[in-house]
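# Descriptive structure summary
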Amino acid sequence: ENLYQKEPQSLYDPINYLLKLGGKRARPAMALMAYELFDKLDDDALNLAMAIEVFHNFTLMHDDIIDQADKRRSQPSVHKKYDTNVAILSGDAMMIESYQYLAKLSKKDKTISLFTKFNVHALNVCRGQQYDLEFENQEVVSIEEYLEMIRLKTAVLVGAAMSLSGELAGASEEDVQHLQSFGENIGIAFQLQDDLLDAFGDPESFGKKVGGDIIQNKKTYLYLKALELAGKEQKKSLLNLYAEKSTDNEKEKVETVKSIFEALGVKEYTVQLIEAYHNLGISHLQAIKVNPSKKSSLKNFSDLLMNRKK
């Protein structure tokens, strides 16, 4: 119902195209469930959820340009279907449209606080994206640096979906902080799961090219953990493979890297870390001072995200 019927169509058609591709809608779903912990759903809840989802999709549109990704949700990415200039401008328009939803909020006494916090989270996403880019050319990246990068790039917006909704619905400051921490920890677990699926997922269900992170030399947790565990020859092989800029022999490169990951048990380490962040997130959900029965939908949804295949 919120697809854009505006002129020029050439600006808004790519936005509608991306939004109609679907996706998990995890952030707006979690925003609405967080709101329901404290109040009944209303137009304010829906407008905030729309602001979060439109902003998130804006970041995806530009992220695909940066990563030169051919596909998004198993379909051509916007810059491939249209062109790069259109994707840049349509993405800019999406960002502005997300703020338009915030401007519709009726609880004007909360608007300045929500705008301010939304801006902080939005800038953190940009910071995380920049760190992600820098890590591609940075010889040494620690696991701690990587986890902080994905917290900024991915997890803070999941936390924002929760905490901003809670604040709008009248949650206490303590509960707002628990919602942010719940969302961030689930968001980190979510991104680690994405990293795992990028290497070991089913190409038919994943929706993106499997091995894309390896081809782009992205220093994911899997790669960094492998370097930590690797013997001399395995480490030399990984460093040489990730120094390659050529797109030749992509399939061979992916298979070689994956075989090293498997030999070192990196997949199992990643699963353990995902579970640790998930459990930490759930502990913050449990600390929120509302009737425990109200939290079941969020608990079940977070469990579902951790067991996804795409």
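The notes below deal with the structure included here. Quantities reported herein were computed from a predicted structural model and do not represent experimental measurements.

On to the overall build of the chain. For the chain, the count of helices and strands is 15 helices and 2 strands. The globule rule puts the C-alpha radius of gyration for 310 residues at 19 Å, and the 20 Å found for the chain is close to it. Its C-alpha atoms put the chain at 60 × 50 × 30 Å along the principal axes. Counting all 310 residues of the chain, 54% fall into the buried class. Partitioning the contacts of the chain with sequence separation of at least 6, the portion at a separation of at least 24 is 73%. Each charge sign in the chain was given a centre, from 39 positive and 46 negative side chains, and these centres are 2 Å apart.

As enumerated under the stated definition, the model contains 3 cavities of 30 Å³ or more in all. Space inside the largest cavity adds up to approximately 50 Å³. In terms of lining, the largest cavity is formed by D195, D198, A199, D213, I214, T220, L222, Y242 and F261. When contributions to the lining of the largest cavity are tallied by element, the ones reaching two or more residues are α8 (173–200) and α10 (212–215). At 3 residues, α8 tops the list of elements feeding residues into the lining of the largest cavity. Considered class by class, the residues forming the lining of the largest cavity number 5 nonpolar, 1 polar and 3 charged. Volume-wise, the second largest cavity comes out at about 40 Å³. Forming the walls of the second largest cavity are A26, R27, M30, V158, I186, G187, F190 and L305. Of all the secondary structure elements, the ones that give two or more residues to the lining of the second largest cavity are α2 (26–36) and α8. When grouped by side-chain class, the residues that make up the lining of the second largest cavity number 6 nonpolar, 1 polar and 1 charged.

Let us look at unusual backbone geometry. Geometrically, the link from E7 to P8 is a cis peptide bond, its omega value of -5° lying close to zero. In this structure, P8 sits in the segment before α1 (9–20). One non-glycine residue, R25, lies in the positive phi region at around 55°. Looking at the element boundaries, R25 is found in the loop between α1 and α2. Taking the relative accessible area as the measure of exposure, R25 reaches 32% and is therefore partly exposed.

The first and last C-alpha atoms of helix α13 (residues 250–264) sit 21 Å apart over 15 residues, in line with the 21 Å expected at 1.5 Å per residue. Positive phi shows up at G265, right after α13, with a value of about 75°.

Turning our eyes to something else, we now look at the environment of E228. Relative to the helices and strands, E228 resides in helix α11 (residues 221–229). Distance in space between the C-alpha atoms of E228 and L48 is 42 Å, their sequence separation being 180 residues. Looking at E228, its side chain comes within polar contact range of the side chain of K225, at 2.6 Å.

On to the packing of helix α14 (residues 266–287) against helix α15 (residues 296–306), then. Close contact between α14 and α15 brings their axes to 11 Å; oriented N to C, the two are set at 170°. With respect to α15, the axis of α14 lies roughly antiparallel. Of the residues in α15, those touching α14 at I274, H278, I282 and L285 are L298, K299, S302, D303 and M306. In terms of residue class, the contact of α14 with α15 is made up of 5 nonpolar, 2 polar and 2 charged.

Its place among the elements puts D64 in helix α3 (residues 43–67). Those residues in contact with D64, other than ones at most four positions away along the chain, are A69, R72, S77 and H79.

What follows is about the nonpolar core. One finds M30, L147, L192 and F261 to be the most contacted residues of the largest nonpolar core, which totals 54 residues. For this core, the element with the most residues is α8, which contributes 10 residues. Beyond its immediate stretch of four places on either side in the chain, M30 contacts V158, M162, F182, I186, L298, F301 and L305. By size, the runner-up hydrophobic cluster in this structure holds 38 residues, among which are M61, Y99, V125 and V156.

The tally for this structure, following the rule as stated, stands at 8 aromatic pairs. Ring geometry for Y17 versus Y82: centroids 6.0 Å apart, planes at 75°, classification edge-to-face. On the criterion of sequence distance, the pair formed by Y17 in helix α1 and Y82 in the loop between α4 (78–81) and α5 (84–103) is long-range, its members being 65 residues apart. Owing to a relative accessible area of 14%, Y17 belongs among the buried residues under this scheme. On the accessibility criterion, Y82 (31% relative accessible area) is partly exposed. Clustering of aromatic rings is evident, with ring pairs tying together F55, F58, Y99, F115 and F118. Its end group placed over the ring of Y269, K225 keeps NZ or CZ at 4.7 Å from the ring centre.

Rules behind the numbers
- Residues numbered from 1 in each chain as written.
- Predicted model: local features only at pLDDT ≥ 70, side-chain atom pairs only at ≥ 80, totals over all residues.
- Heavy atoms only, no water.
- Helix = DSSP H or I, 4+ residues; strand = E, 2+ residues; numbered from the N terminus.
- Rg over C-alpha atoms; globule rule 2.2 N^0.38 Å.
- Buried < 20%, exposed > 50% of the residue type's maximum accessible area, 1.4 Å probe, protein only.
- Contact = heavy atoms within 4.5 Å.
- Lys, Arg positive; Asp, Glu negative; His and termini not counted.
- Charge placed at Lys NZ, Arg CZ, Asp CG, Glu CD.
- 1 Å grid on protein atoms, 1.4 Å probe; cavity = no way out; pocket = protein on both sides within 12 Å on 5 of 7 lines; lining within 4 Å.
- Points joined across faces, edges and corners; volume = space filled by probe spheres on them.
- Nonpolar A, V, L, I, M, F, W, Y, C, P; charged D, E, K, R; others polar.
- Expected span 1.5 Å × (residues − 1).
- Polar contact = N/O pair within 3.5 Å; in protein donor to acceptor, adjacent residues only side chain to side chain.
- Axes fitted to C-alpha atoms, helices over the stretch in contact; angles between N-to-C directions.
- Parallel < 35°, antiparallel > 145°, perpendicular 65-115°, else oblique.
- Core = buried A, V, L, I, M, F, W, Y, C linked by side-chain atoms within 4.5 Å.
- Phe/Tyr/Trp six-rings, centres within 6.5 Å; stacked < 30°, edge-to-face > 60°.
- Lys NZ or Arg CZ within 6 Å of the ring centre and 35° of its normal.

Function-wise, these values are silent; they only describe arrangement.
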